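# Residue-level structural notes
Now for the letters of each chain:
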Amino acid sequence: MTLLRLENVGKSYGGVVALRGLSLTVAAGEIVGLMGANGAGKTTAFSLIAGTQRPSSGEIWFADSRIDGKPAYAAARIGIARTFQIVRPFGGLRVIDNLVVAALYGHKREVSRSLAEDRARAILDEVGLARDALRPAASLTLAGRKRLEVARALATHPRLLLLDEVLAGLTATEVIEALEMIRALHRRRNLTLIVIEHVMRALTQLCGRIIVLHHGEKIAEGVPREILTNQQVIDSYLGARSR
Amino acid sequence: MMPLRKVLLICGAVLAVICCALLPLVVGPYGVGIALNVLMWIALAESWAMFSGLSGYISLGHAVFYGVGAYVTVLLWQLVPLWVAIPLSGFGAGLLALVLGWPCLRVRGPYFVILTLGVSEFVKYIVIGSEAALGRNGRLLIGTPSLVVLFEAMLLVAIVSMVALYVVRSSRLGAGLLAIREDEVAAGAVGVNATAVKLLTFTLSALVPGVVGGLMILRSTYFEPLQAFNPTTSFTIVTIAILGGSDDVPGPLLGAVLLVLLSELLWARAPEVYMIILGVLLVAFVLFVPEGLLGRVQRLASPAKP
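Residues numbered from 1 in each chain as written. Chains lettered and ligands numbered in written order. Predicted model: local features only at pLDDT ≥ 70, side-chain atom pairs only at ≥ 80, totals over all residues.

### Points about the overall build of chain A
What counts is decided by this rule: Numbering goes from the N terminus for both helices and strands, where a helix is a DSSP run of H or I of at least four residues and a strand is a run of E of at least two. The atom set for the radius of gyration is the C-alpha atoms, and the globule formula is 2.2 Å times the number of residues raised to the power 0.38. Here a residue counts as buried when 20 or more other C-beta atoms sit within 10 Å of its C-beta, as exposed when there are 12 or fewer, and as partly exposed otherwise, the C-beta atoms being derived from the backbone. Residues are scored as being in contact if the C-beta atoms we place from backbone atoms lie within 7 Å.
A count of helices and strands for chain A gives nine helices and 10 strands. Compactness check: chain A gives a C-alpha radius of gyration of 18 Å against a globular reference of 18 Å for 243 residues, within 12% of the reference. Principal-axis analysis of the C-alpha atoms gives chain A an extent of 60 × 40 × 35 Å. By the burial criterion, 45% of the 243 residues in chain A qualify as buried. Within chain A, contacts between residues at least 6 apart in sequence are counted, and of these 64% link residues at least 24 apart.

Set out below in structure tokens:
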């Protein structure tokens, strides 16, 4: 079953084209990787799907309803959750309260605060932040804040989770732990994931399919093995070799 | 079972309310007048904190809700009984907040602060203009309730205002407001409809100032727009929030008691320099206790974090 479908989606800021005619489909339960050099349009694609920004052209469909142009809160309520590349925790709130908000407002809403806290605790357990539940979110380390970002998105009870570079800036050990966490989440929760990542090894280990963007356009799509050997992809990352 | 601390807190609060209610039996009119003042500022600051304290949107417009409440009561004077007029003052202010909030809440930060101040001045001059057009040069209310009745009514309003802040803070609405205060974009990403949450709370937070304005015009017995819509009301509320803190119920309570008692004391002892001393005190608080008294007490009371 197709969960997400983008048809010819474009976004430009004044004269600058960030995304041009992007079409893609994501089936329920899939993990799809999104890669490309800086400025390729990956985060823009996320922002359009999650309603943080409106597309300039094209259509976005989620579970048979058209969602382009709808605000971010509406996207969250129908089951699209995202993390931010530069983390945006509710720094002044306790870690657990970051999740309580999401559980009270997100896709599957809890009716009471105590039920929301129960959900929050279960998720904090799952992502390994249980011990930090009562600390102010701003006091977490970067790795902790990245985990919180994922945990808060999960607390909305999403169907589709968009992970924007949750591994960036982590140490090698932390990357391995985070990958393990993402895999476990996907297994247990019947989630659909789109993952933006620069860590190539992580993408190839995690994703069944990878989509490559270059200057706002899709230049390749396929299983990781094909993508890694695709000449156009290699050129886009390393610059075209003179032949 | 309720924890012992909560039981003690509730018992203490009930006892304090009873003592307050019996105050007119022990002190004279001067004392009751000061107590009425304290209760008024508690009611105003608690309702202001419900919106501005929780959402981080600093409103300098709450004087307009106070003024409109006063105006509604004056217009309805002797047309309907007071038990109808006073609640209608609250609703009138709420309605105005709904209308003003719609455009004002589109901007953030300093722009919102300035806009609320501007809009409240704008409404003030509309009232001044229409009163002038009607040929009314101030309105006198004769036969208003006694000071003690107004005091007991204000006590009730102050309690309602505190309970309302507590209820909103611990509700879904409160969680949404705090998320908006921390990061509005991230709040949207987890499903918080910021526009609706802010507008609803802005409206709710105007109800109490409307009622307070209605009650206080019965105390002064004379309506004059420049006084009723005086922006100093807004500034004083913010001052109280700075002194006490505005994040939770005890903050505005502490701030209001401190400010009114200090003002009375200074005004009686050193009338020439009392505003200067208050100003210096405010600057000192902004610089050295930016989290307010409540925040400082909480920080000192909580054990040091590793």
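From this point on, the discussion continues.
### Considering the interface of chain A and chain B
Condition: Polarity classes work like this: nonpolar for Ala, Val, Leu, Ile, Met, Phe, Trp, Tyr, Cys and Pro, charged for Asp, Glu, Lys and Arg, and polar for all others, with Gly in that last group.
Listed as interface residues are 23 residues of chain A and, on the opposing side, 16 residues of chain B. Only α2 (72–78) and α3 (95–105) of chain A provide two or more residues apiece to the side of chain A that touches chain B. Looking at the side of chain A that touches chain B, the element that brings in the most residues is α3(A), giving five residues. Each residue belonging to the side of chain A that touches chain B can be placed in one class, and the counts come to 13 nonpolar, five polar and five charged.

### Here we look at the sheet that holds strand β5 (residues 65–66) of chain A
Residue and element names in this part refer to chain A. Put simply, the test is: The pairing criterion for strands is at least two bridges between them, as found by DSSP.
If you walk across this open sheet you meet the four strands as β2-β1-β4-β5, and the pairing is antiparallel. Of all strands in the sheet, those with a lone pairing partner are β2 (16–27) and β5, marking the two edges. Pairing analysis gives eight bridges linking strand β1 (residues 2–13) to β2, with the strands arranged antiparallel. Bridge assignment links S12 to a residue of β2, and that residue is V17.

### A closer look at the packing of α3(A) against helix α5 (residues 142–155) of chain A
All names here are of chain A. Keep this limit in mind: Only the stretch in contact is used when a helix axis is fitted, and all axes are lines through C-alpha atoms; the angle between N-to-C directions ranges over 0 to 180 degrees. For this classification, under 35 degrees means roughly parallel, over 145 means roughly antiparallel, 65 to 115 means roughly perpendicular, and everything else is oblique. With the far helix as reference, a near helix turned anticlockwise by less than a right angle produces a left-handed crossing, and one turned clockwise produces a right-handed crossing.
The N-to-C vectors of α3 and α5 enclose an angle of 30°; their axes lie 7 Å apart at closest approach. Taken together, the axes of α3 and α5 lie roughly parallel to each other. Pair α3 / α5 crosses with right-handed handedness. Across the interface between the two elements, V95, N98, L99, A102 and A103 of α3 pack against L148, A151, R152 and A155 of α5. Taken together, the residues of the contact of α3 with α5 break down into seven nonpolar, one polar and one charged.

### Description of helix α1 (residues 4–26) of chain B
All names here are of chain B. Note the following rule: One fewer than the residue count of a helix, multiplied by 1.5 Å, yields its expected span. The quantity called bend is, for any residue, the angle between two axes fitted respectively to the seven residues ending at it and the seven beginning at it.
A rise of 1.5 Å per residue sets the reference length of α1, with its 23 residues, at 33 Å; its end C-alpha atoms lie 32 Å apart and thus fit the reference within 8%. At C20, α1 shows its largest kink, close to 30°, and the proline P24 lies no more than four residues downstream. Little of α1 is tucked away: zero of the 23 residues are buried.

### Things to note about the pairing of strand β3 (residues 31–35) of chain A
Residue and element names in this part refer to chain A. Within β3, five of the five residues are buried, which leaves it mostly tucked inside the rest of the structure. Side-chain alternation along β3 places I31, G33 and M35 on one buried face and V32 and L34 on a second face that is also buried. Where β3 lies against strand β8 (residues 192–196), four bridges are found, and the strand directions are parallel. Residue pairing in the sheet places L34 in a bridge with I196 of β8. When β3 meets strand β9 (residues 209–214), the two strands line up parallel, connected through four bridges. Residue pairing for β9: L34 is matched across the bridge by I211.

### Focus: the sheet that holds β9(A)
Residue and element names in this part refer to chain A. Sheet architecture is open: six strands sit in the order β6-β7-β8-β3-β9-β10, paired in mixed fashion. A single partner strand is all that each edge strand has here, and the edge strands are β6 (80–82) and β10 (217–222). The sheet shows a mean angle of 20° between the axes of neighbouring strands, taken without regard to direction.

### Some details on the pairing of β8(A)
Remark: a regular strand shows side chains that alternate across the two faces of the sheet. Residue and element names in this part refer to chain A. Put simply, the rule is: Crossover handedness is defined by viewing with both strands directed away from the observer: a clockwise path from the first strand over the helix to the second marks the crossover as right-handed.
Counting buried positions over the five residues of β8 gives five, a clear majority of the element. Neither face of β8 is left uncovered, since the one carrying T192, I194 and I196 and the one carrying L193 and V195 both have all their residues buried. Across five bridges, the pairing between strand β7 (residues 160–164) and β8 is parallel. Bridged to L162 within β8 is I194. Viewed along the sheet, the connection from β7 through helix α6 (residues 172–189) into β8 turns out right-handed.

### What to know about the environment of V127(A)
Residue and element names in this part refer to chain A. One can find V127 in helix α4 (residues 113–127). For the pair V127 and E180, spaced 53 residues apart in sequence, the C-alpha to C-alpha distance is 10 Å. Apart from residues no more than four positions distant in its own chain, V127 is found in contact with R147, V150, A151 and M181.

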